[in-house]
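Structural features, examined
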Amino acid sequence: MTTRSTTKSPALPASSGRDVSSELAFLTRALKAPTLRDAVPRLAERARAESWTHEEFLAACLGREVSARESHGGESRIRAARFPARKSLEDFDFEHARGLKRDVIAHLGALDFVAGKENVVFLGPPGTGKTHLATGIAIRACQAGHRVPFATASQWVDRLATAHHDPGPSRAGPPQRAARPARADRSLRSPRLGAGSTLSGST
């Protein structure tokens, strides 16, 4: 007959006298995670009520912080884009633009053209919603983690002219390229192309 001994880990005392709330406040402050700090008490109460595992509780806490950071990051990118007005695809009046297909705009809102490094051009007379659509899609791009510089067509022309006359670093240095995953232009008019707004994928 053989015997096998097992060693059990000592159980932690029910109350060790630690100030857990202060520790959590310190740790979340060190991690710069204020959302996590505020969410822990509510999630802990729910975890106890629903008998979550430690892993489930940790995943819920981290998920709350990640969602908050993604949301805050999107807002920062939207502010940095300098849109003249905040417009969303959900607010677009399709009844006013009857010739526009909702499914096409929904597809553009999925941002597949950004991943494919493709261009999108809205053409039409003034007042048909080109800038609204360009801005709405660009805001979607901001929320998806892309940086989006917004400028009017005349501003882009000025930038191109400036770049043409001032090429920047000497040829001895490495080429410099600005990352532009998405771009929203306001109304563009020319005798040949008419009016339009342009979105570009990254290059």
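Since the structure is predicted, the reported quantities are computational estimates derived from the model, not experimental observations.

**Section: unusual backbone geometry**
Here the phi dihedral of R82 falls at roughly 60°; this positive angle occurs in a residue that is not glycine. Relative to the helices and strands, R82 is located in the loop between α3 (54–81) and α4 (102–109). Overall, R82 belongs to the exposed group, its relative accessible area being 68%. Non-glycine residue L111 carries a positive phi angle of around 70°. Structurally, the position occupied by L111 is in the loop between α4 and α5 (112–115).

**Considering the pattern of salt bridges**
Here the structure, examined in full by the defined rule, presents four salt bridges. Here R37 ties to D38 by a salt bridge, and the two come within 3.1 Å at their closest N and O atoms. Looking at R37, the relative accessible area reads 40%, which means it is partly exposed. Note that R46 is salt-bridged to E50, the shortest N-O span being 3.1 Å.

**Comments concerning the nonpolar core**
Core analysis: the biggest nonpolar cluster contains 23 residues, and F83, I105, L108, F113, F122, I137 and V148 have the highest contact counts within it. Elements supplying a minimum of two residues to this core: α3, α4, α5, β1 (119–123) and α6 (130–143). Top contributing element to this core by residue count: α6, with seven residues. By size, the runner-up hydrophobic cluster in this structure holds six residues, among which are A33, A39, V40 and L43.

**Things to note about the environment of L108**
Tracing the backbone shows L108 in helix α4. The buried category is assigned to L108, whose relative accessible area is 13%. Not counting residues up to four positions away in its chain, the partners in contact with L108 are F113, V120, F122 and I137.

**Points about the packing of aromatic side chains**
Counted according to the given criterion, the structure contains two aromatic pairs. Measuring from centroid to centroid gives 5.5 Å for F83 and F150, while their planes differ by 65°, and the two rings are edge-to-face. Taken together, the residues F83 in the loop between α3 and α4 and F150 in strand β2 (residues 150–151) connect sequence positions 67 residues apart. Take F83 and F150: they sit in the same class, and that class is buried. Note on F92 and F94: the rings are 5.0 Å apart at their centroids and 80° apart in plane angle, and the pair reads as edge-to-face. The pair formed by F92 and F94 is uniform in burial state, with each residue classed as buried.

**Remarks on the confidence of the model for the protein**
Averaged over every residue, the pLDDT of the protein is 76; residues scoring 70 or more account for 73%. Here residues 170–196 scores under 50 on pLDDT; set against residues more than four positions off or in separate chains, the count is 68 contacts.

**Some points on the packing of helix α2 (residues 34–50) against α3**
Axis separation between α2 and α3 bottoms out at 9 Å; the angle between their running directions is 145°. α3 is crossed by α2, and the crossing has right-handed handedness. For the pair α2 and α3, the contacting residues are P34, T35, L36, A39, V40, R42, L43, A44 and A47 in the first and F57, A60, C61, R64, E65, A68 and H72 in the second. Partitioning the contact of α2 with α3 into residue classes produces 11 nonpolar, two polar and three charged.

Cut-offs applied
Residues numbered from 1 in each chain as written. Predicted model: local features only at pLDDT ≥ 70, side-chain atom pairs only at ≥ 80, totals over all residues. Heavy atoms only, no water. Helix = DSSP H or I, 4+ residues; strand = E, 2+ residues; numbered from the N terminus. Buried < 20%, exposed > 50% of the residue type's maximum accessible area, 1.4 Å probe, protein only. Salt bridge = Lys/Arg side-chain N within 4 Å of Asp/Glu carboxyl O. Core = buried A, V, L, I, M, F, W, Y, C linked by side-chain atoms within 4.5 Å. Contact = heavy atoms within 4.5 Å. Phe/Tyr/Trp six-rings, centres within 6.5 Å; stacked < 30°, edge-to-face > 60°. pLDDT = per-residue confidence, 0-100. Axes fitted to C-alpha atoms, helices over the stretch in contact; angles between N-to-C directions. Left-handed = near helix turned anticlockwise from the far one by under 90°. Nonpolar A, V, L, I, M, F, W, Y, C, P; charged D, E, K, R; others polar.

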